[in-house]
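Residues per chain are reported as follows:
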Amino acid sequence: MEKFGPDLVLDLRARIPKALQRAVELAKSARMASALDTDHAFGPTRWKQQYESLHEQLQDLPDVKDVHPPGAQVRVTICRDHLLLPWMYAKRRGIDMRRVRGRFKNQLIRDLLILFGPQPGYEEPTLPEMPPTPDEARDRTLLRQAIEDLSPQPMALLVGFACNSDEGLLGVSWGEAALAPGGGLEWGPVEDLFRLT
């Protein structure tokens, strides 16, 4: 993506898949160590590590910093005023993240997309005297301040990946998306960074 400049974007394209590979491998190790037949150890470990590994892999690049949003369990990596938001969108290979349907569930990323993502192409009209939706009612003041203290005009960038506890990392893409009414995503530009064939 040209927004990072030619040199930095090459580093990001190479390092982001490595970071997510590391997160998935650590989660696979946690699952094996747990001796469980389920992914109860894989999922939570992978979720936390996707943020940590991303920052560890990118922290020595120019214009990279991180923020620990108020109330969040993770820190978010910022690179040249872009919030890099890791999101696991599938457990199978061959799925395009733009085709994933349903409500986007990760609350931290939902909040960051509402605050710093593109505006959706369509907004549902509000009926008079209707109570606000949970997304409309949430107070995001502290989250906005924490991000804007480090990056006055940030943009959200989703770093989507597919993985599972058997095969590991299956694919990585990044792109811009607006949170649409109903909780789905409206996609802008998307680029594949890694695809397991």
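All values reported here derive from a predicted model rather than from experimental measurement. (Residues numbered from 1 in each chain as written. Predicted model: local features only at pLDDT ≥ 70, side-chain atom pairs only at ≥ 80, totals over all residues. Heavy atoms only, no water.)

Visitor: Whenever I open this one, the sheet that holds strand E1 (residues 64-67) confuses me. Can you help?
Guide: Strand pairing within a sheet occurs via backbone hydrogen bonds; the two strands may be parallel or antiparallel. What the 6 strands build is an open sheet, ordered E1-E2-E3-E4-E5-E6; its pairing is mixed. At either margin of the open sheet sits one strand with a lone partner, and together these are E1 and strand E6 (185-195). Neighbour to neighbour, the strand axes of the sheet diverge by 35° on average, direction disregarded. Across 8 bridges, strand E5 (residues 168-179) lies against E6 in antiparallel orientation. Considered in E6, the bridge of Leu 179 is made with Leu 185. (Pairing = 2+ DSSP bridges. Helix = DSSP H or I, 4+ residues; strand = E, 2+ residues; numbered from the N terminus. Axes fitted to C-alpha atoms, helices over the stretch in contact; angles between N-to-C directions.)

Visitor: Please explain the packing of helix H3 (residues 107-116) against helix H5 (residues 141-150) as it appears in this structure.
Guide: The geometry of H3 relative to H5 is characterised by a closest axis approach of 11 Å and an angle of 70° between their N-to-C directions. On the basis of their axis angle, the class for H3 and H5 is roughly perpendicular. As H3 runs across H5, the sense of the crossing is right-handed. Contacts between H3 and H5 involve Leu 108, Asp 111, Leu 112, Leu 115 and Phe 116 on the former and, on the latter, Leu 143, Arg 144, Ile 147 and Glu 148. Across the contact of H3 with H5, the residue classes break down as 6 nonpolar, no polar and 3 charged. (Parallel < 35°, antiparallel > 145°, perpendicular 65-115°, else oblique. Left-handed = near helix turned anticlockwise from the far one by under 90°. Contact = heavy atoms within 4.5 Å. Nonpolar A, V, L, I, M, F, W, Y, C, P; charged D, E, K, R; others polar.)

Visitor: What am I meant to see in the packing of aromatic side chains here?
Guide: A ring pair, where both rings are aromatic, is described by two values, the distance of the centres and the angle of the planes. For the structure shown, the criterion picks out 4 aromatic pairs. Here Trp 87 and Tyr 89 contribute two aromatic rings whose centre-to-centre distance is 5.7 Å and whose plane-to-plane angle is 45°, an arrangement assigned as tilted. Ring centres of Trp 87 and Trp 187 lie 6.2 Å apart, and the angle between their planes is 25°; on these two criteria the pair is classed as stacked. With Trp 87 in strand E3 (residues 82-90) and Trp 187 in strand E6, this pair connects stretches of sequence that are 100 residues apart. When its relative accessible area of 11% is taken as the criterion, Trp 87 is described as buried. The structure contains a cluster of three or more aromatic residues connected by ring pairs, namely Trp 87, Tyr 89 and Trp 187. (Phe/Tyr/Trp six-rings, centres within 6.5 Å; stacked < 30°, edge-to-face > 60°. Buried < 20%, exposed > 50% of the residue type's maximum accessible area, 1.4 Å probe, protein only.)

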